[in-house]
Amino acid sequence: MKRTVAVFAVALALSAIAFAHGNEKHVMGTVTSISDNSITVETTSKKTVTVILSAATKFQKSGSPAALKDLKVGDRVVIHATGPEEKLVAAELRFGTMAKDNMSGMKGMDHSHPSDSAPESH
């Protein structure tokens, strides 16, 4: 009986973790506007999305820590955000030059391209 309860508790905890990750939204595209508390992105599907920045928002440029001041209009970004579609808050914002053979800063982020059948050379 104790084992059944323990298995149920672990399953419940794992489903809560999976559900929390499932609420995260990804915004990919090009920065069209920047303010102190938000950025606007034209997504890869040509939709305009404004994402709110908070004190907790983390920035990465080409895989290294960065700041809002490093971001420029025209930069391509991947934003991990939470909240409803009309009020997305950025948890993490990644941008910068990403060469095809050096995409460590964006690894696993760009789901818009099918994976190549040939292995990458390093």
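Residues numbered from 1 in each chain as written. Predicted model: local features only at pLDDT ≥ 70, side-chain atom pairs only at ≥ 80, totals over all residues. Heavy atoms only, no water.

Here the focus is the pairing of strand 6 (residues 76-82). Within strand 6, five of the seven residues are buried, leaving the element largely enclosed by the surrounding structure. Here strand 1 (residues 25-34) pairs with strand 6 via six bridges, running antiparallel. Bridge pairing in strand 6 places histidine 26 opposite histidine 80. Both strand 6 and strand 7 (residues 89-95) contribute to a ladder of six bridges, which runs antiparallel. Residue pairing for strand 7: histidine 80 is matched across the bridge by glutamate 92. The antiparallel hairpin formed by strand 6 and strand 7 contains six residues in its connecting segment, where glycine 83 sits at a positive phi of about 105°. (Buried < 20%, exposed > 50% of the residue type's maximum accessible area, 1.4 Å probe, protein only. Helix = DSSP H or I, 4+ residues; strand = E, 2+ residues; numbered from the N terminus. Pairing = 2+ DSSP bridges.)

Moving on: the nonpolar core. Nonpolar side chains tend to gather and get buried jointly when the protein is soluble and globular. Formed by 16 residues in total, the largest nonpolar core has its most connected members in Val27, Ile39, Val51, Leu71, Val77, Ile79 and Leu93. Breaking this core down by element, the ones donating at least two residues are strand 1, strand 2 (38-43), strand 3 (48-52), strand 6 and strand 7. (Core = buried A, V, L, I, M, F, W, Y, C linked by side-chain atoms within 4.5 Å.)

This part is about the pattern of salt bridges. Applying the stated criterion across every chain yields a total of four salt bridges. Lysine 47 is paired through a salt bridge with glutamate 85; the nearest N and O atoms lie 3.2 Å apart. Here lysine 47 is found in the loop between strand 2 and strand 3, whereas its partner glutamate 85 is found in the loop between strand 6 and strand 7, with 38 residues between them in sequence. Under the relative-accessibility criterion, lysine 47 is labelled partly exposed at 42%. As a salt-bridge pair, aspartate 70 and lysine 69 come within 3.7 Å of each other at their nearest N and O atoms. With a relative accessible area of 25%, aspartate 70 lands in the partly exposed category. Assessed through its relative accessible area of 64%, lysine 69 is described here as exposed. (Salt bridge = Lys/Arg side-chain N within 4 Å of Asp/Glu carboxyl O.)

Note that every value here comes from positions in space, so none of it alone points to a role or purpose.
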